[in-house]
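Structural features, examined
Spelled out from the first residue to the last, the chains are:
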Amino acid sequence: MIKTTPQIEVRNLTIGYDDYVLMKDISFTVNKGDIFIVMGGSGCGKSTLLHVLTGLKAPKSGKIFIDGLNFASASPEKKKDLMRHCGILYQSGALFSSMTLAENIALPLQQYTDYSDKVISELVSLKLSLVGLAGFEDFYPSEISGGMKKRAGLARALALDPEILYCDEPSAGLDPISSKLLDDLILDINKSLGTTFVIVTHELASIFAVGNNSVFLDSGSKSIKGYGNPKDLLKNPPNDIVLNFLTRGEKEHG
Amino acid sequence: MELSHHISRQNMTVTFCGDFVNYTDDKAKESLYDSFEHTPLQSLDIDCTGLQKWDSTLVVIICELIKEAKKKSVTFQMTGFPDSLKRLVDLAFSVNRNPPPHEDISLPWLEGLGSWGVSRWHAFCKGIEFIKQTFASLGRMFIGKAVFRRVDFLFALEDCSYKAIAIVSVVSFMVGLILAFVGAIQLRIFGVEIYVASLVAIGMTRIMGAIMTGIIMSGRTGASYAATIGTMQVNEEIDALRTMGIPVTDFLVLPRISSLIITMPILTMLSDFMGVLGGAAVGVFMLDISVEEYWKYTYAALKIHNFLVGLFHGFIYGFVIAICGCYYGVNCGRNADSVGVATTKAVVSSIVWMILVTGLMTVIFEEMGL
């Protein structure tokens, strides 16, 4: 039996905008080394959940424990300290357009470490090599393709060797080959660095390719309708909503 | 194309014959719908046996008929429909035609007014918080702990310094010219046109130079700050900064605010000079005042305290423009339209705040005897 250690624990979390509730009282646990998928239909609150998990948005109620510490109610300093161990890959890459790729990746290193310029430069080259962009240090984001932007965004997210990496729709807008390459990269990084991934996506191919644990958010009931390995959820769907989603509505329960 | 219908024994048969492409005969359609509505019917037969080419204008008529038939519980049948047309009609009815009821969020007027007041108060507090954070960033900058790149500061400085010279010069020259021209008309009545030189010199150095520079820079640079930072918000770059723990006011606001408060007084000086030059053009070429005499009166009217008050206005305007531009950029929504809204708000609010601040400073300087 594989020993699992909880890394992110979400307890009775309620999220939403103003008076509108997107998800009510949801709870789940992400274990160390998981590639955890947050899936669900459009508008169910996946990205909002990610914003709450990364501290960009406050939850309406509930608790989020990261390595046992309550992130949701932590002071800004404590949050900053916890986020030091987290990287984020945004849907658009979110690279700073006025900076080269090297400058983008160097920014968190300059912010959080006392490394010399030489060490930072070496680390930047290493991170770019890891994502297959060696030699692209002096390119600006506008000079590279969408898939490369995602890879560069991943390199920046990996800059500080994070223990947790949040990814918002990593394969959105990518062609199938680039999407597959990015999935492979996520698997490689997970295996080689032991990084925990929390991936928000509704791309079925990616869900089955990389995910080993998941939650399915349902906008109708504002709750979790499926929890577990996506492949197991497909084999033994807990309900028609999850089955419909995982089979693109092509199979019916039973 | 032919659209015909006939009724017998409570059965209506509607026949479509020939090509139904771009069908626009509203009279025929109205007559059909009228008959259908006002005749007691039990069944409807839509016959497309003779149909050749067709497009969506035909589908609209058929769907309308089916919808009405369903409403009146009239049984209907489709005869001679091409497969593609039948599939399209089925598709049109397969989607949910009853959207969820739209929540009415309108409030009674008193509650609405209160809600508006509360939202304005929250916006005001948000603005104050942003200014506090900006001052904290300025404080960190002075002790060398702010997180911003020198290159960003240099780019911002370049944008609001020599690149703004041309527009500030031209507009200020024209303002000086207009000021002199309007003044001369009044002063001529008393035969003292020579005082045009004093009017322009005092007017430009005391306030007009700073105000004109402020308005130009608000439209040029303030708008650009809001658009640039707003686009960064749309592209999630600001989220990335926040999650990296980098204060947005350090990284994005400091380079812009510091470059604008440095360059605004300098541009104000340029504006003063160009305004006086514009006034001189009117004095010398229209009022036949000699250059020496114009200069003598200008020099006599120039007072150091007026000049310094003007520069101080320029400095404060620089702060106001940068704060408004950056605030609306950082608080921009997440779509292209929001960037336009943020830009407009930045320009409008910076001009309004400049005028309000000018009023306040005028009272203060008056009390100080300046």
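Predicted model, so just to flag it, every value in this text is computed and none were measured.

We now examine the overall build of chain A. Looking only at helices and strands, chain A has nine helices and ten strands in total. Summarising its shape, the C-alpha atoms of chain A cover approximately 60 × 40 × 40 Å along the three principal directions. For chain A, the proportion of its 254 residues judged to be buried stands at 41%. For chain A, the share of sequence-separated contacts (at least 6 apart) that also reach a separation of at least 24 residues comes to 65%.

A few words now on the overall build of chain B. From N to C terminus, chain B includes twelve helices and five strands. Taken against the 2.2 N^0.38 rule, which gives 21 Å for 370 residues, the C-alpha radius of gyration of chain B at 35 Å runs more than 25% over that of a compact globule. Within chain B, the proportion of its 370 residues that are buried is 35%. Considering only residue pairs separated by 6 or more positions, chain B has 86% of its internal contacts joining residues 24 or more positions apart.

Turning our attention to the nonpolar core. If you look at the biggest cluster of nonpolar residues, it comprises 132 residues, and the most contacted ones within it are A:Val38, A:Tyr166, A:Val198, A:Ile199, B:Val200 and B:Cys326. Excluding residues within four positions of it along the chain, A:Ile199 makes contact with A:Ile35, A:Phe36, A:Ile37, A:Val38, A:Cys167, A:Pro170 and A:Val210. Listed in part, the 15 residues of the second largest apolar core include B:Val14, B:Phe20, B:Ile62 and B:Leu65.

Residue and element names in this part refer to chain B. By secondary structure assignment, the location of Gly219 is in helix α7 (residues 196-234). Taking the number of C-beta atoms within 10 Å as the measure of exposure, Gly219 has 17 and is therefore partly exposed. Remark: the alpha-carbon pair of Gly219 and Cys63, spanning 156 residues in sequence, is separated by 52 Å.

What follows is about the interface of chain B and chain A. Accessible area lost during the coming together of the parts is what is often quoted as the interface size. In this complex, chain B contributes eleven residues to the contact, which on the side of chain A involves 14 residues. A class-by-class count of the residues in the side of chain B that touches chain A yields four nonpolar, three polar and four charged.

Within a sheet, adjacent strands bond to each other through the backbone by hydrogen bonds, running parallel or antiparallel. Residue and element names in this part refer to chain A. With antiparallel pairing, four strands are arranged side by side in an open sheet as β2-β1-β4-β5. Either end of the sheet is taken by a strand with one partner, and the two such strands are β2 (20-31) and β5 (69-70). Pairing geometry for strand β4 (residues 61-66) and β5, over two bridges, is antiparallel. Opposite Ile66, over in β5, you have Leu69 as the bridge partner. On the sheet, helix α1 (residues 46-53) packs against β1 (6-17), β2 and β4 and is oriented at approximately 120 degrees with respect to β1.

A word on the domain arrangement of chain B. Here chain B is partitioned into domain 1 (2-94) and domain 2 (134-367). Inter-centroid distance (C-alpha atoms) of domain 1 of chain B to domain 2 of chain B is 67 Å.

Attention now goes to the sheet that holds strand β10 (residues 223-227) of chain A. Residues and elements named next belong to chain A. Within the open sheet, the six strands sit side by side as β6-β7-β8-β3-β9-β10. Their pairing is mixed. Only two strands of the sheet have a single partner each, and these edge strands are β6 (86-89) and β10. Averaged over all pairs of adjacent strands, the angle between their axes in this sheet comes to 20 degrees, without regard to strand direction. Pairing analysis gives four bridges linking β6 to strand β7 (residues 164-168), with the strands arranged parallel. Its bridge partner lying in β7, Leu89 is registered against Cys167. The strands that helix α5 (residues 146-157) touches are β6 and β7; relative to β6, the one it contacts most, it runs at about 170 degrees.

Moving on to the confidence of the model for chain B. Model confidence for chain B is summarised by a mean pLDDT of 90, while 97% of its residues fall at 70 or above. Model confidence for the complex: the whole-complex pTM is 0.79, and ipTM, which rates the interface, is 0.80.

The next subject is the pairing of strand β1 (residues 2-8) of chain B. Residues and elements named next belong to chain B. Among the seven residues that make up β1, zero are buried, leaving the element largely open to the surroundings. Bridge count between β1 and strand β2 (residues 11-20): seven bridges; the pairing is antiparallel. Its bridge partner being in β2, Glu2 is matched across the sheet by Cys17. Connecting the antiparallel pair β1 and β2 is a turn made up of two residues, with Arg9 showing a positive phi of about 50 degrees.

Residues and elements named next belong to chain A. If you check helix α4 (residues 117-130), its first and last C-alpha atoms are 20 Å apart, about what 14 residues at 1.5 Å a residue would give, namely 20 Å. Those residues of α4 not exposed but buried are Val124, Lys127 and Leu128. An end-on view of α4 places all buried positions within 100 degrees of arc, on one side of the element. Among the exposed residues of α4, those oriented more than 90 degrees off its buried face are Lys118, Val119 and Glu122. With its phi angle positive at about 75 degrees, Gly132 sits one or two positions after the end of α4.

This brings us to the confidence of the model for chain A. The predicted coordinates should not be examined in detail at positions where pLDDT is low. Across chain A, the average pLDDT comes to 89, with 97% of residues at or above 70. The secondary-structure element of chain A with the lowest mean pLDDT is helix α2 (residues 76-83) of chain A, recorded at 83, while strand β8 (residues 196-200) of chain A shows the highest, at 95.

Residues and elements named next belong to chain A. Following both chains from N to C, one finds helix α3 (residues 101-112) and α5 inclined at 25 degrees, their axes separated by 8 Å at the closest point. As the angle between them shows, α3 and α5 are arranged roughly parallel. Taken as a pair, α3 and α5 cross one another with a handedness that is right-handed. Facing α3, whose interface residues are Leu101, Asn104, Ile105 and Pro108, α5 presents Ala152, Ala155 and Arg156.

Thresholds applied
Throughout this description, residue numbers start from 1 for each chain and increase along the sequence as written. Here chains are named by letter from A upward and ligands by number from 1 upward, in the order in which they appear as written. With the structure being a predicted model, the display of local features is reserved for residues of pLDDT at least 70 and the display and counting of side-chain atom pairs for 80 or more, all residues being used for whole-chain, interface and lining totals. The numbering of helices and of strands both runs from the N terminus, where a helix is a DSSP run of H or I of at least 4 residues and a strand a run of E of at least 2. Each residue is classified by how many other C-beta atoms fall within 10 Å of its C-beta atom, where C-beta atoms are placed from the backbone; a count of 20 or more means buried, 12 or fewer means exposed, and values in between mean partly exposed. We call two residues in contact when the distance between their C-beta atoms, placed using the backbone, is within 7 Å. All radius of gyration figures rest on C-alpha atoms, and the globule criterion is 2.2 Å times the number of residues raised to 0.38. For this entry, the nonpolar core is defined as buried Ala, Val, Leu, Ile, Met, Phe, Trp, Tyr and Cys residues connected by C-beta atoms within 7 Å. For this classification, Asp, Glu, Lys and Arg are treated as charged, while Ala, Val, Leu, Ile, Met, Phe, Trp, Tyr, Cys and Pro are nonpolar and the rest, including Gly, are polar. Paired strands, in this sense, are two strands between which DSSP finds at least two bridges. Each axis is a line fitted through C-alpha atoms, taken for helices only over the stretch in contact, and angles between the N-to-C directions span 0 to 180 degrees. Domain start and end points were adopted from an automatic or database domain assignment. The predictor attaches a confidence to each residue, called pLDDT, with possible values from 0 through 100. Multiply 1.5 Å by the residue count of a helix minus one, and that product is the helix's expected span. The arc refers to the directions leading from the helix axis to the C-beta atoms. Oblique is the label for every angle not falling under 35 degrees (roughly parallel), over 145 degrees (roughly antiparallel), or within 65 to 115 degrees (roughly perpendicular). Rotating anticlockwise by less than a right angle from the far helix to the near helix defines a left-handed crossing, while the corresponding clockwise rotation defines a right-handed one.

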